[in-house]
Amino acid sequence: IQKIDKLYKKLIPDCHEKQLTRANLKSHLKIPETSFSTVTINRNFRTALHKDAGDFSEGFGNLTVIERGSYQGGYTVFPQFGVGVDVRSGDFLAMDVHQWHSNTKLYETIEDKEFNSTLKSEFKDNPDIGTAGIYEKYTRLSFVCYLREKIIKCDNDNPVQSFLTSSTKRK
């Protein structure tokens, strides 16, 4: 996570500085030595077209992926710009998550299925926790690192309670 933050700082220093300044105002709630408060992790998950609403408005989302096996798809797309990015292991994507974005369906070709059939199964079916993608031997873990916009409203003594209180006031 700290390496992701260093890449963010190197590639988009102005936004990183604003985000780090905000994160440091609640340093006890941020991931140490980063400008992030939060990491969202998805496995083999396709997102619908959306704009992120809870992220720091002057910051960026930072996407990385860890893969196992072989698959196609999973492109991060910004349809209004006609852009799609095939983020794979070792790649880093800083993106304005306040723009419309999604990712494309993951699928296997015949060759992918043959290769993946040689992999040992690592996941067990557990419907109680809603595991997505357990029926595939390939894995695309995506990590999205960001700072929550409303973290600034969290109380220093009881940050969880103050966040929940501020969240219910929106309704």
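To keep things clear, this report deals only with the structure shown in the data block. The numbers attached to residues start from 1 for each chain and follow its sequence in the written order. In keeping with the predicted nature of the model, local features appear solely for residues at pLDDT of at least 70, side-chain atom pairs appear and are counted solely at 80 or more, and the whole-chain, interface and lining totals rest on all residues. Side-chain metrics in this entry use all non-hydrogen atoms of the structure; hydrogen atoms and water are not considered.

1. Quick notes on the nonpolar core
By size, the foremost hydrophobic cluster in this structure holds twelve residues: Leu63, Val65, Tyr71, Phe78, Val87, Leu93, Met95, Val97, Leu106, Tyr138, Val144 and Tyr146. At the level of elements, strand E2 (61–68), strand E6 (93–95) and strand E9 (139–146) are the ones that each hand at least two residues to this core. Residues in contact with leucine 93, not counting those within four places in the same chain, are Gly61, Asn62, Leu63, Thr76, Val85 and Val87. Judged by nonpolar contacts, the second largest core, of eight residues, contains Ile4, Tyr8, Cys15 and Phe92. Buried residues of nine kinds, namely Ala, Val, Leu, Ile, Met, Phe, Trp, Tyr and Cys, make up a nonpolar core once their side-chain atoms join them within 4.5 Å. Relative accessibility under 20% of the residue-type maximum defines a buried residue, over 50% an exposed one, and the middle range a partly exposed one, all with a 1.4 Å probe and only protein chains included. Numbered from the N terminus, helices here are DSSP runs of H or I no shorter than four residues, and strands are runs of E no shorter than two. By definition in these notes, contact holds between two residues if any of their heavy atoms fall within 4.5 Å.

2. Quick look at the side chain of serine 37
Along the chain, the position of serine 37 falls in the loop between helix H2 (13–24) and strand E1 (38–43). Only 2.9 Å separates the side chain of serine 37 from the side chain of threonine 38, close enough to count as a polar contact. Polar contact is the term for a pair of N or O atoms within 3.5 Å; when the atoms are in protein, one must be able to donate a hydrogen and the other to accept it, and sequence-neighboring residues count only if both atoms are side-chain atoms. A polar atom in the side chain of serine 37 sits 3.0 Å from the backbone nitrogen of arginine 148. Excluding anything up to four places from it in sequence, serine 37 contacts Leu29, Lys30, Ile31, Tyr146, Leu147, Arg148 and Ile151.

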